Amino acid sequence: MYADPIDRASETEEAERQRAIKAITSKPAEDRLVAIRRCHFCRERLPGAQLFCDEDCRDDHARLIRSRKMR
């Protein structure tokens, strides 16, 4: 039986969705963060486009993300 245009569109949409999910989840967590003028770990205000206030917060955030993935 032949797939109608709606079925083909649904299959294409699902394939694109799966590729997008894979692309996002395969990146390290830090690469997915957006600068919000606050540290992503301790929430201290930041000047400019920094993600973390220092290396300790960056490392603590990475450990937190890894531990969440293990659960």
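Above: the structure in question.
All figures in this text were calculated on a predicted structure; none of them were measured in a lab.

Thoughts on the side chain of His40
Right, on to step 1. Looking at where His40 falls in the secondary structure, it is placed in the loop between α2 (29-32) and α3 (55-70).
Right, on to step 2. If we skip the residues at most four places from it in the chain, His40 touches Leu33, Val34, Leu51, Phe52 and His61.

Section: a negative patch on the surface
Right, on to step 1. Among the surface-exposed residues, Glu44, Asp54, Glu55 and Asp56 lie close enough to one another that they form a single negatively charged patch.
Right, on to step 2. If you trace the backbone, Glu44 turns up in the loop between α2 and α3.
Right, on to step 3. On the basis of relative accessible area, Glu44 is assigned to the partly exposed category, the value being 46%.

Some points on α3
Right, on to step 1. With 16 residues, α3 ought to run about 22 Å at 1.5 Å a step, and its terminal C-alpha atoms sit 23 Å apart, in line with that.
Right, on to step 2. Along α3, the residues that are buried comprise Cys57, His61 and Ile65. Each buried residue of α3 lies within a common arc of 75° when the element is viewed along its axis, so the set occupies one face. Across from the buried face of α3, at angles greater than 90 degrees, the exposed residues are Glu55, Asp56 and Met70.
Right, on to step 3. Where α3 starts, the residue carrying a side-chain oxygen 3.2 Å from the main-chain nitrogen of Asp56 turns out to be Asp54.

Rules used throughout
- Residues numbered from 1 in each chain as written.
- Predicted model: local features only at pLDDT ≥ 70, side-chain atom pairs only at ≥ 80, totals over all residues.
- Heavy atoms only, no water.
- Helix = DSSP H or I, 4+ residues; strand = E, 2+ residues; numbered from the N terminus.
- Contact = heavy atoms within 4.5 Å.
- Patch = residues over 30% accessible without salt bridge, like charges linked within 9 Å, V, L, I, M, F, W, Y side chains within 5 Å.
- Areas by Shrake-Rupley, 256 points an atom, 1.4 Å probe, with all protein chains shown as cover.
- Salt bridge = Lys/Arg side-chain N within 4 Å of Asp/Glu carboxyl O.
- Lys, Arg positive; Asp, Glu negative; His and termini not counted.
- Charge placed at Lys NZ, Arg CZ, Asp CG, Glu CD.
- Buried < 20%, exposed > 50% of the residue type's maximum accessible area, 1.4 Å probe, protein only.
- Expected span 1.5 Å × (residues − 1).
- Arc of directions from axis to C-beta.
- Polar contact = N/O pair within 3.5 Å; in protein donor to acceptor, adjacent residues only side chain to side chain.

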